[in-house]
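# What the coordinates show
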Amino acid sequence: VLMLYVKTSTKRFVISYVLSLLVVYILTQWIGLYLITIALFILPPVILMGNLYKRKAAARSVLTAGIVTVLAESLLSLLLGFAVGLNPVAKFKQFMLDSIAAMPQSIQEILPKDQDWYVGFIVQVIPLYLIFLALFVTFVTHGVTRWFLNKTGEGIPGLRPMREWMLQRSLVWIYLVAFVLDLFTKPDSSSLISTLLMNAMPLLMLVFAVQAIGFLFYVAHANKWKPILPIVAIIILIFMPP
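In this text the structure is predicted, and so the values were computed from the model without any measurement. (Residues numbered from 1 in each chain as written. Predicted model: local features only at pLDDT ≥ 70, side-chain atom pairs only at ≥ 80, totals over all residues. Heavy atoms only, no water.)

### Some points on the packing of aromatic side chains
To describe a pair of aromatic rings, one takes the distance between the centres and the angle between the planes. Considering all chains together, one arrives at five aromatic pairs under this definition. On the basis of an interplanar angle of 80 degrees and a centroid distance of 5.0 Å, the ring pair of Trp147 and Phe148 is categorised as edge-to-face. Residue Phe148 is classed as partly exposed on the basis of its relative accessible area of 38%. By the ring-pair criterion, three or more aromatic residues cluster together here, those being Tyr5, Phe13 and Tyr17. Lying over the aromatic face of Tyr5, Lys54 brings its terminal NZ or CZ to 4.3 Å of the ring centre. (Phe/Tyr/Trp six-rings, centres within 6.5 Å; stacked < 30°, edge-to-face > 60°. Buried < 20%, exposed > 50% of the residue type's maximum accessible area, 1.4 Å probe, protein only. Lys NZ or Arg CZ within 6 Å of the ring centre and 35° of its normal.)

Written out as structure tokens, the structure reads:
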């Protein structure tokens, strides 16, 4: 969809998009409305990222726009759900409990005994899921779309080499504050601070893990080594998350 938006005029894009949705609806019938809803959900980030691509904006700006838009849409969807009385969080919690109850006994024995606490924990980290979803969708979309567009001669800018990636120094202090608070917070607490830490700590650890890999790429580049050091680090982080 993003490629279509970049490669065609606005008029042709609208016509092609509407016709595509009609074809999807005709072919899928009863799940057609659900698929169309998903298609409309991805339309705002497509338009924002596509306009930035057309201006040859920096990849960082494109990714930021995509991530923020997906997050904003996700939060807006939750708010609309609450506004019409659907309570999507409660429905998600009940869905999780029903799913666990339907699992084979062998799998249920692996899960924590207190299922209410386990499901409650999953519900508490919904913001983290949404952030990871926005990151994953935006980065994959940018990577695949940029590769195809550049094959057609568009010349879409990419991210700087990973060895040049540097976090803001303020994130170090934010991480230290979160780390200290985490030491004095009960893991089974349902307080606001506990919920914030449950979502912030994994995200901060991921960010600093990426920074560490960037530093190793810098070390390998500065010493003119083959990039075996950062590659090994990436493999370790995949199998042993921070």
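### Overview of helix H11 (residues 192–222)
Look at H11: 44 Å from first C-alpha to last across 31 residues, which is about the 45 Å you get at 1.5 Å a residue. Within H11, burial applies to Ser194, Thr195, Leu197, Met198, Asn199, Met201, Leu204, Ala209, Ile213, Gly214, Val219 and Ala220. As for H11, its buried residues are in contact with helix H8 (115–124), helix H9 (126–151), helix H10 (170–183) and helix H12 (228–239). (Helix = DSSP H or I, 4+ residues; strand = E, 2+ residues; numbered from the N terminus. Expected span 1.5 Å × (residues − 1). Contact = heavy atoms within 4.5 Å.)

### Focus on the packing of helix H2 (residues 10–28) against helix H3 (residues 32–41)
With their axes 8 Å apart at the nearest point, H2 and H3 run at an angle of 155 degrees to one another. If you check the angle between H2 and H3, you find them roughly antiparallel. Between H2 and H3 lies a crossing of right-handed hand. Residues Tyr17, Leu21, Val24, Tyr25 and Thr28 of H2 touch H3, and the partners they reach there are Gly32, Leu33, Leu35, Ile36, Ala39 and Leu40. (Axes fitted to C-alpha atoms, helices over the stretch in contact; angles between N-to-C directions. Parallel < 35°, antiparallel > 145°, perpendicular 65-115°, else oblique. Left-handed = near helix turned anticlockwise from the far one by under 90°.)

### Side note on the layout of surface pockets
A water-sized probe rolled over the atoms picks out the places where empty space is left. The calculated volume of the largest pocket comes to roughly 1400 Å³. Breaking the lining of the largest pocket down by element, the ones donating at least two residues are helix H5 (59–83), H9 and H11. Of the residues assigned to the lining of the largest pocket, the class counts are 23 nonpolar, four polar and two charged. Volume-wise, the second largest pocket comes out at about 340 Å³. Where the lining of the second largest pocket is concerned, the elements lending two or more residues are H5, helix H6 (88–101) and H9. (1 Å grid on protein atoms, 1.4 Å probe; cavity = no way out; pocket = protein on both sides within 12 Å on 5 of 7 lines; lining within 4 Å. Points joined across faces, edges and corners; volume = space filled by probe spheres on them. Nonpolar A, V, L, I, M, F, W, Y, C, P; charged D, E, K, R; others polar.)

Limitation: the analysis is restricted to geometry and does not speak to function.
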